[in-house]
Amino acid sequence: MSATACVDAVAAILDLPFDELLFRAQTVHREHHDPTVMQLSTLLSIKTGGCPEDCRYCPQSSRYQTGVEDEPLVPLETVVAAARQAQANGASRFCMGAAWRGPQPQDLPRVLDMIAAVHNLGLETCCSLGLLQDGQAQQLRAAGLDYYNHNLDTAAERYGEIVATHDYQDRLDTLARVRRAGLRVCCGGIVGMGENRRVRAGLIAQLASLDPQPDSVPINYLVQVPGTPLSGTEPLDWLEFVRTIAAARITMPKSMVRLSAGRQRMPDEVQALCFLAGANSIFYGEKLLTTGNADVEHDKALLARLGLRTA
Ligand code: SAM
Ligand code: DTB
Ligand code: SF4
């Protein structure tokens, strides 16, 4: 199928009557997953702020006045303490994010130690460190990394409006390096950046055409941070967000679809619809990277109200 035909197919899915779309998504979901199980991933920002890139959604770019300070790489002990806490709270995966264009060779050894330490606790490990150079993915894998998160964020044709300091092909090249190193791929995007349905279809089509498809697909609802160029964007209709989750589930049946950023302000009923639409993973813990997340006690209560078990 050509790329355009594929976008057309996803656009047709997004255009379905809402109940039809959810029924199809839930049917696909049940063929491949236990609908009563939710996977929990906890995030830690190991290097906050001061990023040289200009991603227009991001509070960590040094180009925008968002109040996020440029901090050094955190010490190993901080990572181990946070990972232990995440494990005690019931998370199965620990994701370490860094506000880098990509890791510098001098930073990598310390990150490798963090990965090994988290791996030794018995947690799944994930890193989101930006663009990787040849050989870096292999080093991460050898240290005990299970997943690498690297998002495509939007459709190819819109990427240049959102980020100018690197391009879509750079992201695809890193994803190829990650796969070649034998790492599992976590790759998704952001919606609510003022895009139209066609752009959302383009993002989902691009993710679904990765071969093999990503193991995890984080769908982020833009967290609008004052000072970022995208702050003040018309918020995306919740039901349109649910449609996007459903389209991800239908087109990537085996992937874990993660309801990611944006849950702090998302009504419980909308989250419940996202789970019905096939989301089976969440970020769990008080914080994402620099912004707040839904609180843990609230999440525990929500999962209990919905009769969901955790993994
Ligand atoms: N610097 C690395 C990179 O860009 O790949 C890794 C960290 S970066 C913060 C990871 C992802 O966070 C981005 O690709 C984007 O999907 C997400 N993100 C950043 N700011 C966000 C925001 N305000 N709302 C929702 N998602 C956001
Ligand atoms: C992903 O898709 N979302 C996470 C993780 N991968 C690294 C990051 C969300 C960041 C939200 C804004 C912030 O807290 O800075
Ligand atoms: Fe930097 Fe990543 Fe934020 Fe872009 S998304 S500014 S690369 S931290």
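Residues numbered from 1 in each chain as written. Chains lettered and ligands numbered in written order. Predicted model: local features only at pLDDT ≥ 70, side-chain atom pairs only at ≥ 80, totals over all residues. Heavy atoms only, no water.

Caption draft 1: Representation of the site of ligand 1. Among the 17 residues in the neighbourhood of ligand 1, the closest are listed as Trp100, Asn151, Asp153, Arg171 and Val223. Here Asn151 contributes a side-chain N or O atom positioned 2.9 Å from an oxygen atom of ligand 1. Measuring from a nitrogen atom of ligand 1, one finds a backbone N or O atom of Val223 at 2.9 Å. Here ligand 1 has 550 Å² of accessible area as a free molecule, and 90% of this is covered by the chains. (Near = heavy atom within 4 Å. Polar contact = N/O pair within 3.5 Å; in protein donor to acceptor, adjacent residues only side chain to side chain. Areas by Shrake-Rupley, 256 points an atom, 1.4 Å probe, with all protein chains shown as cover.)

Caption draft 2: Examining the environment of Ala137 more closely. Turning to its location among the elements, Ala137 is positioned in helix α5 (residues 136-143). Each C-alpha atom, one on Ala137 and one on Arg177, is 6.5 Å from the other, the two residues being 40 residues apart in sequence. Filtering out sequence-adjacent residues up to four positions away, Ala137 remains in contact with Leu132, Arg177, Val178, Ala181 and Leu183. (Helix = DSSP H or I, 4+ residues; strand = E, 2+ residues; numbered from the N terminus. Contact = heavy atoms within 4.5 Å.)

Caption draft 3: Fine view of the pattern of salt bridges. One pass over the full model with this rule turns up 15 salt bridges. Here Arg101 makes a salt bridge to Glu53, at a shortest N to O gap of 3.1 Å. Of the two residues, Arg101 is situated in the loop between β2 (93-98) and α4 (108-120) and Glu53 in the loop between β1 (37-47) and α3 (76-88); the sequence distance between them amounts to 48 residues. You can call Arg101 partly exposed: its relative accessible area is 36%. With a relative accessible area of 6%, Glu53 lands in the buried category. In this structure, Arg197 and Glu240 form a salt bridge, with 2.9 Å as the shortest nitrogen-oxygen distance. Of this pair, Arg197 sits in helix α8 (residues 197-208) while Glu240 sits in helix α9 (residues 238-251), and the two are 43 residues apart along the sequence. (Salt bridge = Lys/Arg side-chain N within 4 Å of Asp/Glu carboxyl O. Buried < 20%, exposed > 50% of the residue type's maximum accessible area, 1.4 Å probe, protein only.)

That is the geometry; function is a separate question.
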